[in-house]
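This is what each chain is made of:
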Amino acid sequence: MTAAAPTASSGLQTRSLGDEGTVASLTPRLAEAEARLLAVYRLISQGQHRQALARAEELVREYPTFHLAHLVYGDLLSIQMRPVRQLGDVPDTNATAAAQQLATLREESRRRILALTERPPEGTVPSQFVALAPSSRHAIAVDASKSRLYLFENESPAPAGSLLAPPPKFKLLGDFYISVGLLGIEKSAEGDKRTPLGVYYITSTLNPATLPDLYGIGALPINYPNPLDIQRGKTGGGIWLHGTPRDQFVRAPQASDGCVVLSNPDLQKLLSTVQIRTTPVVIAPELQWVQPAALDTERSAFEASLESWRKAKSEGRLDQLKDFYSVKGNGSQVWSRVESDLRALRSARGIELKDVSALRWKDSQDTMVVTFGEVMQGQAKGVTRRQYWAREHNQWKIFFEGTP
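Residues numbered from 1 in each chain as written. Predicted model: local features only at pLDDT ≥ 70, side-chain atom pairs only at ≥ 80, totals over all residues. Heavy atoms only, no water.

(A) Representation of the overall build of the protein within the structure. Along its length, the protein carries eleven helices and 19 strands. When the backbone C-alpha atoms are referred to their principal axes, the protein occupies close to 85 × 45 × 35 Å. Out of the 404 residues in the protein, the part that is buried amounts to 50%. Counting only contacts in the protein whose residues sit at least 6 apart along the sequence, the fraction spanning at least 24 positions is 62%. When the accessible area of the protein is evaluated, it comes to approximately 18,100 Å², of which 50% is carbon and sulfur surface. Charged side chains in the protein number 47 positive and 43 negative. The centres of these two groups are separated by 3 Å. (Helix = DSSP H or I, 4+ residues; strand = E, 2+ residues; numbered from the N terminus. Buried < 20%, exposed > 50% of the residue type's maximum accessible area, 1.4 Å probe, protein only. Contact = heavy atoms within 4.5 Å. Areas by Shrake-Rupley, 256 points an atom, 1.4 Å probe, with all protein chains shown as cover. Lys, Arg positive; Asp, Glu negative; His and termini not counted. Charge placed at Lys NZ, Arg CZ, Asp CG, Glu CD.)

Structure follows, in structure tokens:
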């Protein structure tokens, strides 16, 4: 199989669903049910309808709440007697009665196929991951346009002679179908039934015994609203990655109150893999996949600003340090607290930055979410800090500083 050139917008490569190599390469990263559905699709695309019917029958027997699999199975039964024009080609009277459900299942099928035939090239990473410290063992990226969540293992080496880690190196561990908000993405207000966009971190794990059946086998809350959201006046909360109720295998592509919803088997993979507080979750309208080296210029430019900030703070040069803090939003308040803390020390204290991660978010504003350990010289331990930087007049400025 020869992959097509990457698309201009997202950096993805197109593969044929009918190519057996596509199925073989994806199967280890997909949940069992989706991998088996993919095999059914491949057989259909090759005209092997009887073999596809046998596979689909096994699938619905073992996953009785997988509604899309039932729809495909029904079509394959119909093919034995008459031509099938489209997915869910049921008699007109039934189609009218269940038009919305059929449309939803067709859209789920379209998104699954799109995500499985447009693939990130080997070695590429989502463009938000400028640098990820080895202490963040895993990372998550969500592509809302494809109803997809990607789970990565971070194999980036430790920095050598620099603040930031070398170009990120990720291993794709999982590739899962997800559902987002009923009214789509770009959450801005409580109750708007939209999923937020941005850079977040998993904050905790919720015990399923304390949750209604709606959330399935558990939940992983994220830190929405983050400081950038708060600066923009966004409200609401309770945004989780969670599972599905017993009577559903998955939910429609847009069906939640704003959470990211996975099947229970897929969520179990997350629950058994990720760590709280150190696992970033990027949620984007559409992920842009790039070769890590393409981030070198951005990483080097930001690293220079971060090093200048570190040096000014180490040397206690308040006049220079102040220039790194924004005067917009809450930036002035952040600076006032920093200035007060430094004056209380009465003398300069050298600092070192450890385990630095930098994740970039670009929309109408260019921001960087930076997490690091700050250790004073002569001490073995320090404090973990998270800063939010924004580009103002081509200079990086801090508008939030706190602890995760």
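(B) Molecular detail of helix α9 (residues 296–314). Taking 1.5 Å per residue, 19 residues should reach 27 Å; α9 reaches 26 Å between its end C-alpha atoms and fits that length. For α9, the set of buried residues is R299, F302, E303, S305, L306, W309, R310, A312, K313 and S314. Two residues or fewer after α9 comes G316, characterised by a positive phi angle close to 65 degrees. (Expected span 1.5 Å × (residues − 1).)

(C) The environment of F302, seen in detail. Within the secondary structure, F302 sits in helix α9. The spacing of F302 and F372 is 70 residues in sequence and 14 Å in space, taken between C-alpha atoms.

(D) Structural view of the packing of helix α2 (residues 32–45) against helix α3 (residues 49–62). The contact between α2 and α3 brings their axes to 8 Å, and the two run at 160 degrees. The orientation of α2 with respect to α3, classified from their angle, is roughly antiparallel. Both α2 and α3 take part in a crossing whose hand is left-handed. Contact with α2, carried on its side by A33, R36, L37, A39, V40, L43 and I44, involves H49, Q51, A52, R55, A56, E58, L59 and E62 of α3 and no other residues of that element. Taken together, the residues of the contact of α2 with α3 sort by class into nine nonpolar, two polar and four charged. (Axes fitted to C-alpha atoms, helices over the stretch in contact; angles between N-to-C directions. Parallel < 35°, antiparallel > 145°, perpendicular 65-115°, else oblique. Left-handed = near helix turned anticlockwise from the far one by under 90°. Nonpolar A, V, L, I, M, F, W, Y, C, P; charged D, E, K, R; others polar.)

(E) Molecular detail of the sheet that holds strand β6 (residues 148–154). As summarised here, the arrangement of the five strands in space is β7-β6-β5-β14-β9, forming an open sheet in which the pairing is mixed. Pairing within the sheet leaves two strands with one partner each, and these edge strands are β7 (170–177) and β9 (198–201). If you compare each strand with its neighbour and ignore which way they point, the axes differ by 20 degrees on average. Bridge analysis of strand β5 (residues 138–143) against β6 gives six bridges, and the strand direction is antiparallel. Among the inter-strand pairings, V142 is bridged to a residue of β6, identified as L149. (Pairing = 2+ DSSP bridges.)

(F) Representation of the sheet that holds strand β19 (residues 395–402). Read from one edge of the open sheet, five strands run β4-β16-β17-β18-β19, paired in antiparallel fashion. Every interior strand has two partners, whereas the edge strands, β4 (129–131) and β19, have only one. Strand-to-strand twist of the sheet, defined as the mean angle between neighbouring strand axes without regard to direction, takes the value 25 degrees. Inspection of the sheet shows strand β18 (residues 383–392) paired to β19 by seven bridges, in the antiparallel sense. Looking across to β19, one finds that E392 is bridged to Q395.

(G) Up close: unusual backbone geometry. With an omega of 0 degrees, the peptide bond running from Y224 to P225 counts as cis. Position of P225 relative to the elements: it lies in the loop between β10 (219–221) and α7 (227–231). Residues other than glycine seldom take positive phi values, yet E186 does so here, at roughly 70 degrees. Inspection of the secondary structure assignment puts E186 in the loop between β8 (180–181) and β9. You will see that K193, though not glycine, has its phi angle at about 55 degrees, which is positive. Along the chain, K193 falls in the loop between β8 and β9. On the accessibility criterion, K193 (30% relative accessible area) is partly exposed.

(H) Spatial organisation of the pairing of β5. Counting buried positions along β5 yields six of six residues, so the element is predominantly enclosed. Of the two faces of β5, the one lined by H138, I140 and V142 and the one lined by A139, A141 and D143 are each fully buried. Connecting the antiparallel pair β5 and β6 is a turn made up of four residues, with S147 showing a positive phi of about 50 degrees.

(I) Structural context of the pattern of salt bridges. Enumeration according to the criterion identifies 27 salt bridges in this entry. A salt bridge links E315 to R317; the shortest N-O distance between them is 2.9 Å. Take R317: its relative accessible area is 38%, and that puts it in the partly exposed class. A salt bridge links R343 to E339, with the nearest nitrogen and oxygen atoms 3.1 Å apart. Taken as a pair, R343 and E339 lie in helix α11 (residues 331–345) at a separation of four residues, close to a single helical turn. The class of R343 is exposed, set by a relative accessible area of 53%. Residue classification places E339 among the partly exposed positions, given a relative accessible area of 23%. (Salt bridge = Lys/Arg side-chain N within 4 Å of Asp/Glu carboxyl O.)

(J) The side chain of S179, seen in detail. Along the chain, S179 falls in the loop between β7 and β8. There is a polar contact of 3.4 Å between the side chain of S179 and the backbone oxygen of P253. Of the polar contacts made by the side chain of S179, one reaches the backbone nitrogen of A255; its length is 3.3 Å. With sequence-adjacent residues up to four places away left out, S179 is seen in contact with R251, A252, P253, Q254, A255, S256, C259, V260 and V261. (Polar contact = N/O pair within 3.5 Å; in protein donor to acceptor, adjacent residues only side chain to side chain.)

So, to be careful, I would describe these as geometric facts and stop short of saying anything about function.
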